[in-house]
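Here is how the chains run, residue by residue.
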Amino acid sequence: MKKFALGITAAVLLTGGVSAQNITEQNVARTQEIIAGVLEAYGGAERLASLNSIVIEHQTTATAVGQSRAPGPPWDRNNNQGQDAIQFDDSIFVTGTSGTGGGFEFDNTTIINAEQSYQLNHRAGTATPISQADFNTASGPFIRVTPALLVRQLNLRANTARYLGDAEVDGRSHAVISFVMQTGPAISLYFDQESYRLNKSERVLPGFGLIEYRFYDYDNIAGIPFNQRFELLVNGDTNLERRNTSTQVNSDITALTQVPESLSRLAAIDPDPLTTQKLGEGVYLIGGSGTYAMFIEMDDYVIAVGGAAGIPQRISELRKVIATKPIRYGVMTHHHSDHVLGVPAYAAEGATVIASNAHASVVRAAATGDVELKLETVETRRVLEDADRRVEIIDIGPTAHTEHLLVTYLPAEGLLFEADHFTMPRNGVVPPAVSSTRSFAGALARHQLEIKTLVSAHSPLTGTPQDLQTALDKPVVR
Ligand SMILES: [Zn+2]
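Keep in mind it's a predicted model, so treat the numbers as computed, not measured.

Draft legend 1. Representation of the nonpolar core within the structure. Membership of the largest hydrophobic core comes to 45 residues, with the highest contact counts inside it found for Tyr 42, Ile 86, Leu 150 and Phe 191. Leave out the neighbours within four places in its chain, and Ile 86 touches Asn 52, Ser 53, Ile 54, Ile 92, Phe 93, Phe 135, Ser 139, Phe 142, Ile 143, Leu 149 and Ile 253. Of all hydrophobic cores here, the second largest spans 24 residues; its members include Ala 304, Met 332, Val 343 and Ala 345.

In structure tokens, the structure reads:
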């Protein structure tokens, strides 16, 4: 009996103990404790709540991992400069960048302001309305590289926050808190245990890997610490280095939302659903959301051209127009990471992947899954021919975008498929040519290809040599 009574006492004590020891309660208490310290370090909850607008000017060096002219390191490094502005009470976000990289020159601004949202192309002198602007999606990347805004978000979404543990960063102990923003996977924030400053954050993007953000050189602006330097690492490799040259807090940003009178206003660009277009007898362009593949029907097989995103869905669509002929070849235009995504899909079809000789190792690395890759490489030209059709796969490189570029040319039809050099905008208004477009035009002339139709991996609209000439002739506005 006594033993039983003791048992009850012990149980009561234990129950009391369990509530204090419960891992979730402990975690919530520790999370709240850290967030309280962080809020104080970032000027206090009140000051952060009254943080309504921020304008940051920056200079950035991007390392073009998997996006350089050569298929391997050392990667090309590209410079750009820009300005980001956010205003929370009206859900306004404005981001502008100008610079060069990958054979492109650019000077663009995106204005997210409800019904008054625009994409500005200052080089072309055009303003295109954005039909479905989303403040949270558009501003997320800026918030993720701005510690004060991450802390503000963390405070607003503290109910999603969890303490993950402690970790060393640069020899100092940090408390790690994870929370969930409106969009994207959970983000882990590393706060210095003494200063409570955010020195590092991390996310895992499925299919992409570990994205790491490092924040350096804090300066106090309007009572809030702002980093003056930032670095982005992808799977441990430096991808982006940025220096913030100016940070303004709670200034009026409405002037930045105005579309300059000098720009010509184009028609809005609508969403781009998955479609199948017949370009000629047995030639189909299938795609949507900015990526397209071309399929060519031969007597007893199909040639697929292009390896950008969504190849499995494009093959499913192909089966509605060509039900049974096997895909015997899948042609990779070039080695860039966004253009070898289709390799596993073609391998799974039992197709032979055709790529530039120089891109063989990148294409092999892109082949995931159990099926063994059949790879055929092209030195200068490969011809596929039967009684009814001739298809030429030609390396027209080098261009300003890549050292080797396989175009697929149908001489009888005068049709040529390429990626990343001449993309018809969906509103049909051709902007001034960039370096990659110029070098592409030069390569077409060198190879003396007779072309009627230019098909691109990034547009549902085909172009003509006249369109290409229009781009070459068009002056750069700014
Ligand atoms: Zn490319």
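Draft legend 2. Quick look at the sheet that holds strand 18 (residues 302-305). One open sheet holds the seven strands; their spatial order is 15-16-17-18-19-20-21, and the pairing between them is mixed. A strand with exactly one partner marks an edge of an open sheet, and here the two such strands are strand 15 (275-280) and strand 21 (374-378). Strand-to-strand twist of the sheet, defined as the mean angle between neighbouring strand axes without regard to direction, takes the value 25°. Most of the contacts of helix 6 (residues 311-321) go to strand 16 (residues 283-288), to which it runs at about 140°, and overall it touches strand 15, strand 16, strand 17 (291-297), strand 18 and strand 19 (327-331).

Draft legend 3. Representation of the coordination of the zinc ion in the model. For the zinc ion, the full set of protein donor atoms is His 334 (NE2), His 336 (ND1), His 401 (NE2) and Asp 420 (OD), and the range of their distances to it is 2.0 to 2.2 Å. Classification of the site at the zinc ion as irregular follows from its four donor atoms and the range of 91 to 169° in their angles at the metal. Counting gaps between the donor residues of the zinc ion yields the pattern H-x1-H-x64-H-x18-D. Here His 401 lies in the loop between strand 23 (390-395) and strand 24 (406-410) and His 336 lies in the loop between strand 19 and helix 7 (343-348), a separation of 65 residues in the sequence.

Draft legend 4. Quick peek at the pattern of salt bridges. Under the definition given, this model contains 21 salt bridges. Linking Glu 392 and Arg 381 is a salt bridge whose minimum nitrogen-to-oxygen distance equals 2.4 Å. Highlighted residues: Glu 392 in strand 23 and Arg 381 in strand 22 (residues 381-385), separated in sequence by eleven residues. Among the residues examined, Glu 392 registers a relative accessible area of 7% and is labelled buried. Members of the salt-bridge network, linked through shared partners, are Arg 381, Glu 385, Arg 390 and Glu 392.

Draft legend 5. Focus on the domain arrangement of the protein chain. When the domains of the protein chain are assigned, the result is domain 1 (30-265) and domain 2 (275-473). Its C-alpha centre places domain 1 at a distance of 35 Å from the equivalent point of domain 2. In this assembly, 14 residues from domain 1 lie in contact with 21 residues from domain 2. Carbon and sulfur atoms make up 46% of the surface buried where domain 1 meets domain 2, a total of about 1400 Å² over both sides. In this structure, the connection of domain 1 to domain 2 is made through zero salt bridges. Counting across the domain 1 and domain 2 interface gives 14 residue pairs in polar contact (both at pLDDT 80 or more). Looking at side-chain class alone, the side of domain 1 that touches domain 2 contains four nonpolar, seven polar and three charged residues.

Draft legend 6. Expanded view of the packing of aromatic side chains. On inspection of all chains with the given rule, the structure shows six aromatic pairs. Measuring from centroid to centroid gives 5.8 Å for Tyr 301 and Tyr 329, while their planes differ by 70°, and the two rings are edge-to-face. With Tyr 301 in the loop between strand 17 and strand 18 and Tyr 329 in strand 19, this pair connects stretches of sequence that are 28 residues apart. Both residues of the pair, Tyr 301 and Tyr 329, belong to the buried class. Taken together, the ring pairs in this structure connect Tyr 213, Phe 215 and Phe 230 into an aromatic cluster. Arg 30 extends its terminal NZ or CZ atom over the ring of Tyr 163, reaching a point 5.2 Å from the ring centre. When the ring centre of Tyr 216 is taken as reference, the NZ or CZ atom of Arg 229 above it lies at 4.4 Å.

Draft legend 7. Inspection of the sheet that holds strand 24 at higher detail. The five strands lie next to each other as 22-23-24-25-26, forming an open sheet whose pairing is mixed. Each edge of the open sheet carries a strand with a single partner, namely strand 22 and strand 26 (453-456). In this sheet, adjacent strand axes meet at a mean angle of 20° when their direction is disregarded. Bridge count for strand 23 against strand 24 is four bridges, and the pairing is antiparallel. Among the inter-strand pairings, Ile 394 is bridged to a residue of strand 24, identified as Val 407. Lying on the sheet, helix 9 (residues 435-446) is in contact with strand 24, strand 25 (415-418) and strand 26; it crosses strand 25 at an angle near 140°.

Draft legend 8. Seen up close, helix 2 (residues 23-41). Here helix 2 is 19 residues long and its end C-alpha atoms lie 27 Å apart, about the 27 Å a rise of 1.5 Å per residue gives. Those residues of helix 2 that sit buried are Asn 27, Thr 31, Ile 34, Ile 35, Gly 37, Val 38 and Leu 39. Elements that come into contact with the buried residues of helix 2 comprise helix 3 (45-49), helix 5 (147-156), strand 7 (162-169), strand 8 (172-179) and strand 9 (187-192). Its side-chain oxygen placed 2.8 Å from the backbone nitrogen of Thr 24, Asn 22 serves as the N-cap of helix 2.

Draft legend 9. Representation of unusual backbone geometry in the model. Cis geometry marks the peptide bond from Pro 73 to Pro 74, where omega comes out at 0°. Examined against the element boundaries, Pro 74 turns out to sit in the loop between strand 1 (53-63) and strand 2 (77-87). At the junction of Gly 397 and Pro 398, the peptide bond is cis and its omega measures out at 0° in the coordinates. Despite not being glycine, Ser 91 shows a phi value in the positive range, around 50°. Along the polypeptide, Ser 91 turns up in the loop between strand 2 and strand 3 (92-101).

The rules we used
Think of each chain on its own: its residues are numbered from 1, step by step along the sequence as written. Thresholds applied to this predicted model are a pLDDT of at least 70 for local features of residues and 80 or more for the giving and counting of side-chain atom pairs; totals over whole chains, interfaces and linings are not thresholded and use all residues. Excluded from the side-chain calculations are hydrogens and water; all other atoms, namely the structure's heavy atoms, are used. Each nonpolar core is a collection of buried residues, namely Ala, Val, Leu, Ile, Met, Phe, Trp, Tyr and Cys, held together in the definition by side-chain atoms within 4.5 Å. Throughout this description, buried means an accessible area under 20% of the type-specific maximum (1.4 Å probe, protein chains only), exposed means over 50%, and partly exposed covers the range between. The contact criterion used is simple: two residues touch if any of their non-hydrogen atoms lie within 4.5 Å. DSSP-based pairing: two strands are paired if at least 2 bridges between them are found. Under the DSSP-based scheme used, a helix requires at least four consecutive residues in state H or I and a strand at least two consecutive residues in state E, with every element numbered from the N terminus. Comment: axis = line fitted to C-alpha atoms, over the contacting stretch for helices; angle = value between 0 and 180 degrees taken between N-to-C directions. Coordination shells were defined by N, O and S atoms within 2.8 Å of each metal, extended to 3.2 Å for Na, K and Ca; water is absent from the atom set, which can make sites look incomplete. Labels for metal geometry use angle windows, namely 85 to 135 degrees for all angles of a four-donor tetrahedral site, and for square planar (four donors) or octahedral (six donors) sites opposite donors over 155 degrees apart plus all others within 65 to 115; sites meeting none of these are irregular. Each salt bridge in this description consists of a side-chain nitrogen of Lys or Arg and a carboxyl oxygen of Asp or Glu lying within 4 Å of one another. Domain start and stop positions are those given by an automatic or database domain assignment. Here's the idea: put two parts together, see how much 1.4 Å probe accessible area each one loses, and the total over both is what we call buried area. N or O atoms within 3.5 Å of each other form a polar contact, as long as, within protein, one can give a hydrogen and the other can take it, and as long as residues adjacent in sequence are counted only when both atoms are side-chain atoms. Residue classes follow a fixed rule: Ala, Val, Leu, Ile, Met, Phe, Trp, Tyr, Cys and Pro count as nonpolar, while Asp, Glu, Lys and Arg count as charged, and any other residue, Gly among them, counts as polar. Side-chain rings of Phe, Tyr and Trp, where Trp is taken by its six-membered ring, are said to pair if the distance between their centres is within 6.5 Å; with planes under 30 degrees apart they count as stacked, over 60 as edge-to-face, and otherwise as tilted. Remark: a charge is flagged as sitting over a ring if the NZ atom of Lys or the CZ atom of Arg is within 6 Å of the ring centre and within 35 degrees of the ring normal. What a helix is expected to span follows from its residue count: subtract one and scale by 1.5 Å.

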